[in-house]
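# Close look at the chain arrangement
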Amino acid sequence: GVAAAGPTAPPAGSYAKGLAVGAKGDDVTALQNLLSKLGLYQGPVSGYLGPLTQKGVKAFQEKYGVAQPGDTGYGSVGPKTRAKLNELLKTQ
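Throughout what follows, the structure given in this document is the object of discussion. Since the model is a prediction, treat every value here as computed from it, not as a measurement.

So, how was this worked out
Residues numbered from 1 in each chain as written. Predicted model: local features only at pLDDT ≥ 70, side-chain atom pairs only at ≥ 80, totals over all residues. Heavy atoms only, no water. Helix = DSSP H or I, 4+ residues; strand = E, 2+ residues; numbered from the N terminus. Expected span 1.5 Å × (residues − 1). Buried < 20%, exposed > 50% of the residue type's maximum accessible area, 1.4 Å probe, protein only. Arc of directions from axis to C-beta. Contact = heavy atoms within 4.5 Å. Salt bridge = Lys/Arg side-chain N within 4 Å of Asp/Glu carboxyl O.

Each α-helix winds once per 3.6 residues, and so residues spaced three or four apart point in a common direction. With 12 residues, helix H1 (residues 26-37) extends 16 Å between its outermost C-alpha atoms, agreeing within 8% with the 16 Å of an ideal straight helix rising 1.5 Å per residue. Buried within H1 we find Asp27, Val28, Leu31, Gln32, Leu34 and Leu35. Taken end-on, H1 shows its buried residues confined to a sector of 165°, consistent with a single buried face. Set apart from the buried face of H1 by more than 90 degrees, the exposed residues are Asp26 and Lys37. Here the buried face of H1 lies against helix H2 (51-63) and helix H3 (79-91). Positioned one or two residues after H1, Gly39 has a phi angle of 75°, which is positive.

Okay, structure coming up:
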């Protein structure tokens, strides 16, 4: 792992805050786009995190070993999920 950098601005298109069902905005749109690209989300890119997007988040967490059913944070975009999303964004 790489040591965390100082208080620098996150790179464009990175996930800086937690997301859960009911969240809206550009972060959600970016999440839906990435999940679609990974084949984990088939819903509309609406910028709204509803049940379909949550299903994609769960599939992402299981695929990448971030969280499993029953784990705290399963189905929401928390620190571990964001770290993995940001890691993937750099390689997209």
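With that settled, consider the pattern of salt bridges. Following the criterion strictly, the structure yields 2 salt bridges and no others. Residues Lys17 and Asp27 are paired through a salt bridge, measuring 3.3 Å at the closest nitrogen-oxygen approach. Residue Lys17 is located in the segment before H1, and its partner Asp27 is located in helix H1; the two are separated by 10 residues in the primary sequence. Across the pair Glu87 and Lys84 runs a salt bridge, and its minimum N-O distance is 3.0 Å. You can see Glu87 and its partner Lys84 sitting in helix H3, 3 residues apart, about one turn around the helix.

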